[in-house]
Amino acid sequence: MTFGAVLQTDPPASRAVALAKLAEQHGFSNVWTFDSHLLWQEPYVIYSRILAETQRIKVGPFVTNPATRDWTVTASVFATLNEMYGNRTVIGIGRGDSAVRVTNGHPTTLAELREAIHVIRELANSRAVEYHDATLRFPWSTGSEVEVWVAAYGPQALKLAGEVGDGYILQLADIDVAKWMIGKVREAAEAAGRDPDAVKFCVAAPFYIGDDRDHMRDQTRWFGGMVGNHVHDVVMRYGEHADFPEVLVDYIKGRTGYDYNSHGKAENDHVDFVPDEIVDRFCLLGTADEHIAKLKQLQAIGVDHFAGYLQHDSKEETLRVYGETVIPAMREHLAAKS
């Protein structure tokens, strides 16, 4: 299992760079960022600085979308970063959430997402692709390698992730839900003639090392609101009785709306509908031993990568304990199993 830290690119940009450097020092393999250019600073610019000041960390959006960025430009950015710094990028992508909704836009269709993944992946991997009745290729790009990981919740999006994703991103760390979601992606991959084991599985959630349970919950309750926003879309599309984990459908019944100006913020003031039980199930909270125990459970159901959201007031301490205790313990656990 590898580990990533998910950052918001709030100013100053130097703060994100410093946290990325700290994450690398503590053994993290990835630094991810939100990708909403109106809510935060432009992350693709900051990636270049992060890569310049680190040696091995990979960077990428968590997640981008096909609506707010031209597909060929997205591919060019990552092919360029790979040429400059070695192949140290990865692309997380979904239909679009905060980046499109703050402009009163709408998520793309799954058909558009599928096509965008193909175009971006081919171009960013130094290959030719058919796009708008033309054969396109970056004549300056050779040897670029970048994976495209698909974020999904709904049944058809999970199917798409299994059919075309290099990886699958699930933004919650509930063991039962993660097992169900990963199973659906595996089924889709196998039905498409792919090796299910070739798909990388990423679980993402706030992670907070501490012993004040109430405070940790208050700092991470925003995540239940963010997940609830995605789940609401699924329920509106498929109905309450669709083939979907009941725990997700049940907890959003008290949801009254969502303000993207508070998106991903600990001080989010409209997530009172999220109960403590959901916060505990969706996040990783508590002592190092508690984190290790849950990570072992996630690893056992097939999770390859854990991406921890750092939108709380104990960023450095959480990174430190992971680097000194949690990550070494997980490496020992995996080594013992092999």
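In this text, all values refer to a predicted model and were calculated from it rather than measured experimentally.

(A) Summary view of the overall build of the protein. Along its length, the protein carries 12 helices and 11 strands. Taken over the C-alpha trace, the protein has a radius of gyration of 19 Å; the compact-globule value for 338 residues is 20 Å, and the two agree within 12%. With the C-alpha coordinates aligned to their principal axes, the bounding extent of the protein is approximately 55 × 45 × 45 Å. Considering only residue pairs separated by 6 or more positions, the protein has 76% of its internal contacts joining residues 24 or more positions apart. Element-wise, carbon and sulfur atoms account for 47% of the exposed surface of the protein, whose accessible area totals about 14000 Å².

(B) Structural view of the nonpolar core. Core analysis: the biggest nonpolar cluster contains 113 residues, and Phe28, Tyr168, Phe223, Leu295, Leu298, Phe306 and Tyr322 have the highest contact counts within it. When sequence neighbours within four positions are dropped, the list of residues in contact with Tyr322 reads Phe3, Phe28, Phe207, Ile209, Leu284, His291, Leu295, Phe306, Ile327 and Pro328.

(C) Geometry of the pattern of salt bridges. The full count for this structure, using the stated rule, is 22 salt bridges. Residue Glu147 is joined to Lys200 by a salt bridge in which the shortest nitrogen-to-oxygen separation is 3.2 Å. Linking Glu147 in strand 7 (residues 147–151) with Lys200 in strand 9 (residues 200–209), this pair joins segments that are 53 residues apart in sequence. Of the residues examined, Lys200 reaches a relative accessible area of 34% and is grouped as partly exposed. Overlapping salt bridges bring together Asp214, Arg217, Asp218, Arg221, Asp276 and Asp280 as one network.

(D) Quick look at the packing of aromatic side chains. Overall, the coordinates contain 23 aromatic pairs when judged by the stated rule. Geometrically, the ring pair formed by Phe28 and Phe207 is edge-to-face, given 6.3 Å between the ring centres and 65° between the ring planes. Residue Phe28 is located in the loop between helix 1 (13–25) and strand 2 (30–33), and its partner Phe207 is located in strand 9; the two are separated by 179 residues in the primary sequence. By the burial criterion, Phe28 is buried, and Phe207 matches it. For the ring pair Trp180 and Phe244, a centre distance of 6.1 Å and an interplane angle of 90° mean the geometry is edge-to-face. With Trp180 in helix 7 (residues 175–191) and Phe244 in the loop between helix 8 (213–238) and helix 9 (246–251), the pair connects residues that are 64 residues apart, well separated along the chain. By relative accessible area, which is 24% here, Trp180 ends up partly exposed.

(E) Just the environment of Val6, in detail. Looking at the secondary structure, you find Val6 in strand 1 (residues 2–7). What makes Val6 buried here is its relative accessible area of 0%. The spatial distance from the C-alpha of Val6 to the C-alpha of Pro107 is 22 Å, given a sequence separation of 101 residues. In this structure, Val6 is in contact with Trp32, Phe34, Phe62, Ala307, Gly308, Tyr309, Leu310 and Gln311, ignoring residues within four places of it in sequence.

Rules used in this analysis
- Residues numbered from 1 in each chain as written.
- Predicted model: local features only at pLDDT ≥ 70, side-chain atom pairs only at ≥ 80, totals over all residues.
- Heavy atoms only, no water.
- Helix = DSSP H or I, 4+ residues; strand = E, 2+ residues; numbered from the N terminus.
- Rg over C-alpha atoms; globule rule 2.2 N^0.38 Å.
- Contact = heavy atoms within 4.5 Å.
- Areas by Shrake-Rupley, 256 points an atom, 1.4 Å probe, with all protein chains shown as cover.
- Core = buried A, V, L, I, M, F, W, Y, C linked by side-chain atoms within 4.5 Å.
- Buried < 20%, exposed > 50% of the residue type's maximum accessible area, 1.4 Å probe, protein only.
- Salt bridge = Lys/Arg side-chain N within 4 Å of Asp/Glu carboxyl O.
- Phe/Tyr/Trp six-rings, centres within 6.5 Å; stacked < 30°, edge-to-face > 60°.

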